[in-house]
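# An overview of the molecular structure
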Amino acid sequence: MPPFGFLHMRAWASLFGQLLRSPRAVCIREVHFHSQGTRDLSPQQMVVREKILDMVVGCFKRHGAKRLDTPAFELKEMLTEKYGEDSGLIYDLKDQGGELLSLRYDLTVPFARYLAMNKVKKMKRYHVGKVWRRESPTIVQGRYREFCQCDFDIAGQFDPMIPDAECLKIMCEILSGLQLGDFIIKVNDRRILDGMFAVCGVPESKFHAICSSIDKLDKISWKDVRHEMVAKKGLAPEVADRIGDYVQCHGGISLIEQMFQDPRLSQNKQALDGLGDLKLLFEYLTLFGIAEKISFDLSLARGLDYYTGVIYEAVLLQTPAQTQESFNVGSVAAGGRYDKLVGMFDPKGHKVPCVGLSIGVERIFSIVEQRMKTFGQKIRTTETQVFVATPQKNFLHERLKLIAELWDAGIKAELLYKNNPKLLTQLHYCEDMGIPLVVIIGEQEMKEGIIKLRSVASREEVAIKRENLVAEIQKRLSES
């Protein structure tokens, strides 16, 4: 049973099966009336999306997080110089006489601004919201210019690595619960990276630029990354080769121990501090029972400038069958520690240490779409429990009174918006929409003071006293 106990794989299949078969979904793929990198979501897709988000948010709440929201746009000055080379991807809004504004690029910087502005020193929060980036969209890989992020962050001064370990536990719970397949979470530390750059001979002024190049190793080969560092960023070839010796290393606690003994890294205090924290982190991860899902990976860089300590990124492990497909979605969750970001917004520079994670729901959604399109079962787009029907004419008033009674009792109910609908039409609607129960009222039922209750699946009908109808429906729904 997955940690969430949510859905067996067959249930996922039945839920997501017709995502790409719906006429609306086809329309989205073939006709573009909106901006590139954005999309409409059909009712079928929204069902899937809500299930994914419910699971993610359920995990955040289980770990004690409060919900927060911030504006879709921020003062431009609040966002600039927080994202390194990616700052060029920020959407600026046209000046309309006053403030220079930009659409938010992520949910982390607005959270840091909120903490500083409200003088909050301690908070465990989650945030689900849209963000915008001016990058080239690759729709098939789940990359958009407008997309949803789901973030969880722990702000405050705590003992080392306990909040960081919980963030990794949350990532494991969510990815296991979604049953997307096997995954690994790569872990590194920005202090180890900076220490590595220093001992390899990278000038300090080039740390961020080289870090940004290393961050591309999951997308392009070491040869191409080396070429970028040497030809485009002016790094000496021998320095690039020294970096290459390190960034191709990955492993577990034994690699951390090995790095402690490394003749170059062991001479750098920053790197030693990072290695010490990672050793403690792996101790806690072992206690959480997830150490085998975590890999210490020296190639992990995370290009955003605000990270200061532990960084991590979850990737799905492809089976041989999957590697033959062109579909490659990249990382599905990521995060890290950013201890100085809040201080950048505080007039007095007061710092609030933070660590957090972001779940890549758009990419997960793309994976689900791709993997489930081979299954053909129908997705319910409504939650209607009962349909109010009649076999006779001139019964609209009775149907309206009856459905009001059901709504007032908290039962999800529908009827057809016609004075005199045909019974067969009403029953076909129930079958098409997956509505489990029908209540039928007609002249005979009115005389006898009863209502017929019909199961759509079995087509069995029973007569229920009118005054007992709500209780009987509630009993049946609680048993289903």
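Cut-offs and rules
Each residue is numbered by its place in its chain's sequence as written, counting from 1. Residue-level local features of this predicted model are given only where pLDDT is at least 70; pairs of side-chain atoms are given and counted only at 80 or more, and the full residue set underlies all totals for whole chains, interfaces and linings. Heavy atoms from the whole structure form the basis of all side-chain values; hydrogens and water molecules are not counted. UniProt positions are given in the numbering used here, feature names are shortened, and annotations may be inferred rather than shown by experiment. Only runs of H or I of at least four residues qualify as helices and only runs of E of at least two qualify as strands under DSSP, and these elements are numbered from the N terminus. In this description, contact between two residues means that some pair of their heavy atoms is separated by no more than 4.5 Å. In these tables, accessible area is a Shrake-Rupley quantity obtained with a 1.4 Å probe, and a residue counts as shielded only by the protein chains included in the view. Here a pair means two rings of Phe, Tyr or Trp (six-membered ring of Trp) with centres within 6.5 Å. Their orientation is stacked below 30 degrees between planes, edge-to-face above 60, and tilted elsewhere. Each residue gets one of three labels from its accessible area relative to the maximum for its type: buried under 20%, exposed over 50%, partly exposed in between, using a 1.4 Å probe on protein chains only. Working rule: Lys NZ or Arg CZ, within 6 Å of ring centre, within 35 degrees of ring normal, means a charge sits over the ring. Read the arc as the range of directions from the helix axis to the C-beta atoms. For two strands to pair, DSSP has to find at least two bridges joining them. Summary of the metric used: pLDDT quantifies the predictor's per-residue confidence within the range 0 to 100. Throughout, an axis means a line fitted to C-alpha atoms (over the contacting stretch in the case of helices), and angles, computed between N-to-C directions, take values from 0 to 180 degrees. Throughout this description, the term nonpolar core refers to a set of buried Ala, Val, Leu, Ile, Met, Phe, Trp, Tyr and Cys residues connected via side-chain atoms within 4.5 Å. Counted charges follow a simple rule, with Lys and Arg positive, Asp and Glu negative, and His plus the chain ends left uncounted. A carboxyl oxygen of Asp or Glu within 4 Å of a side-chain nitrogen of Lys or Arg is what we treat as a salt bridge. We define a polar contact as two N or O atoms separated by no more than 3.5 Å, with the added condition that, inside protein, one atom must be a possible hydrogen donor and the other a possible acceptor, whereas residues neighbouring each other in sequence contribute only through side-chain atom pairs.

The name an unreviewed UniProt entry gives the chain is histidine--tRNA ligase, with Felis catus as the organism. In its Catalytic activity (unreviewed entry) section, the UniProt record describing the chain reads: "tRNA(His) + L-histidine + ATP = L-histidyl-tRNA(His) + AMP + diphosphate + H(+)". The record held by UniProt for the chain lists under Sequence similarities (unreviewed entry) the comment "Belongs to the class-II aminoacyl-tRNA synthetase family."

As a further point, take the overall build of the chain. Within the chain one finds 19 helices and 16 strands. In the chain, of all internal contacts separated by at least 6 residues, the share reaching a separation of at least 24 is 70%. As displayed, the chain offers around 23500 Å² of accessible surface, 52% of which is attributable to carbon and sulfur atoms.

Moving on, we come to the packing of aromatic side chains. Counted under the stated rule, the structure contains six aromatic pairs. A ring pair is formed by Phe-387 and Tyr-429, whose centres lie 5.6 Å apart and whose planes are at 45°; its orientation type is tilted. Here Tyr-429 lies in helix H17 (residues 423-433) and Phe-387 lies in strand S12 (residues 386-389), a separation of 42 residues in the sequence. Residue classification places Phe-387 among the buried positions, given a relative accessible area of 0%. Given a relative accessible area of 24%, Tyr-429 falls into the partly exposed group. Through successive ring pairs, a cluster of aromatic residues spans Phe-60, Tyr-126 and Phe-152. Above the ring of Phe-111, the side-chain terminus of Arg-125 is found at 4.1 Å from the ring centroid. Geometry around Tyr-105 places Arg-133 over its ring, the cationic atom sitting 3.9 Å from the centre.

A few words on helix H11 (residues 253-260). What sets the pattern is the α-helix's 3.6 residues per turn: residues three or four places apart point alike. Buried within H11 we find Leu-255, Ile-256 and Met-259. Seen end-on, H11 carries its buried residues on one side only, within an arc spanning 105°. Buried residues belonging to H11 abut helix H10 (237-247), strand S7 (250-251), helix H12 (269-288) and strand S8 (294-297).

Moving on, we come to the environment of Leu-285. The topology assignment puts Leu-285 in helix H12. What makes Leu-285 buried here is its relative accessible area of 0%. Counting along the chain gives 121 residues from Leu-285 to Asp-164, while the straight-line C-alpha distance between them is 9.6 Å. Apart from residues no more than four positions distant in its own chain, Leu-285 is found in contact with Ala-165, Leu-168, Ile-290, Ala-291 and Ile-294.

Strand S4 (residues 123-132) sits mainly inside the fold: eight of its ten residues count as buried. The pairing of strand S1 (residues 66-67) with S4 spans two bridges and is classified as parallel. Paired with Arg-67 across the bridge in S4 is Tyr-126. Sheet topology note: the S4/strand S5 (residues 146-155) ladder contains ten bridges and is antiparallel. The partner of Val-128 across the bridge, within S5, is Cys-150.

The next subject is the confidence of the model for the chain. If pLDDT is low for a region, its predicted coordinates should not be looked at in detail. Overall, the prediction assigns the chain a mean pLDDT of 87, with 87% of residues at 70 or greater. Between residues 16-31, whose pLDDT stays under 50, and residues either more than four places distant or in other chains, the model counts 40 contacts. Contacts of residues 323-327 to residues separated by more than four positions or lying in other chains number seven contacts, the stretch itself having pLDDT below 50.

Before going further, it helps to examine the sheet that holds strand S15 (residues 450-455). Either a parallel or an antiparallel arrangement is found when strands of a sheet pair, and the pairing is made through backbone hydrogen bonds. Across the sheet, which stays open at both edges, the five strands sit in the order S13-S12-S14-S15-S16 with mixed pairing between neighbours. Since the sheet does not close on itself, it has two edges, and those belong to strand S13 (413-414) and strand S16 (461-465), each with one partner. With five bridges joining them, S15 and S16 adopt antiparallel strand pairing. Bridge assignment links Lys-452 to a residue of S16, and that residue is Ala-463.

All right, on to the sheet that holds S8 then. What the nine strands build is an open sheet, ordered S1-S4-S5-S11-S10-S9-S6-S8-S7; its pairing is mixed. A strand with exactly one partner marks an edge of an open sheet, and here the two such strands are S1 and S7. Here strand S10 (residues 331-337) pairs with strand S11 (residues 354-359) via five bridges, running antiparallel. Its bridge partner being in S11, Arg-337 is matched across the sheet by Val-355. Across the face of the sheet, helix H7 (residues 190-200) comes into contact with strand S6 (183-189), S8 and strand S9 (310-316) while running at roughly 60° to S6.

A few words now on the nonpolar core. Phe-60 and Ile-243 are the most contacted members of the largest nonpolar core, which totals 104 residues. Beyond its immediate chain neighbours, meaning those up to four positions away, Ile-243 contacts Met-196, Phe-197, Cys-200, Val-202, Ile-210, Ile-214, Trp-222 and Leu-235. Of all hydrophobic cores here, the second largest spans 19 residues; its members include Leu-402, Ala-413, Leu-437 and Ile-473.

Moving on, we come to unusual backbone geometry. Positive phi values are uncommon outside glycine, yet Gln-179 reaches one of about 55°. On the secondary structure map, Gln-179 appears in the loop between helix H6 (162-178) and S6. Of note, the phi angle at Arg-459 is positive, near 65°, even though the residue is not glycine.

With respect to the helices and strands, the residue Asp-346 is situated in the loop between helix H14 (341-345) and S11. Despite being buried, Asp-346 has no salt bridge partner; Lys-121 is the closest side chain of opposite charge, sitting 4.9 Å away. Reaching out from Asp-346, the side chain makes a polar contact with the backbone nitrogen of Lys-348 at a distance of 2.8 Å.

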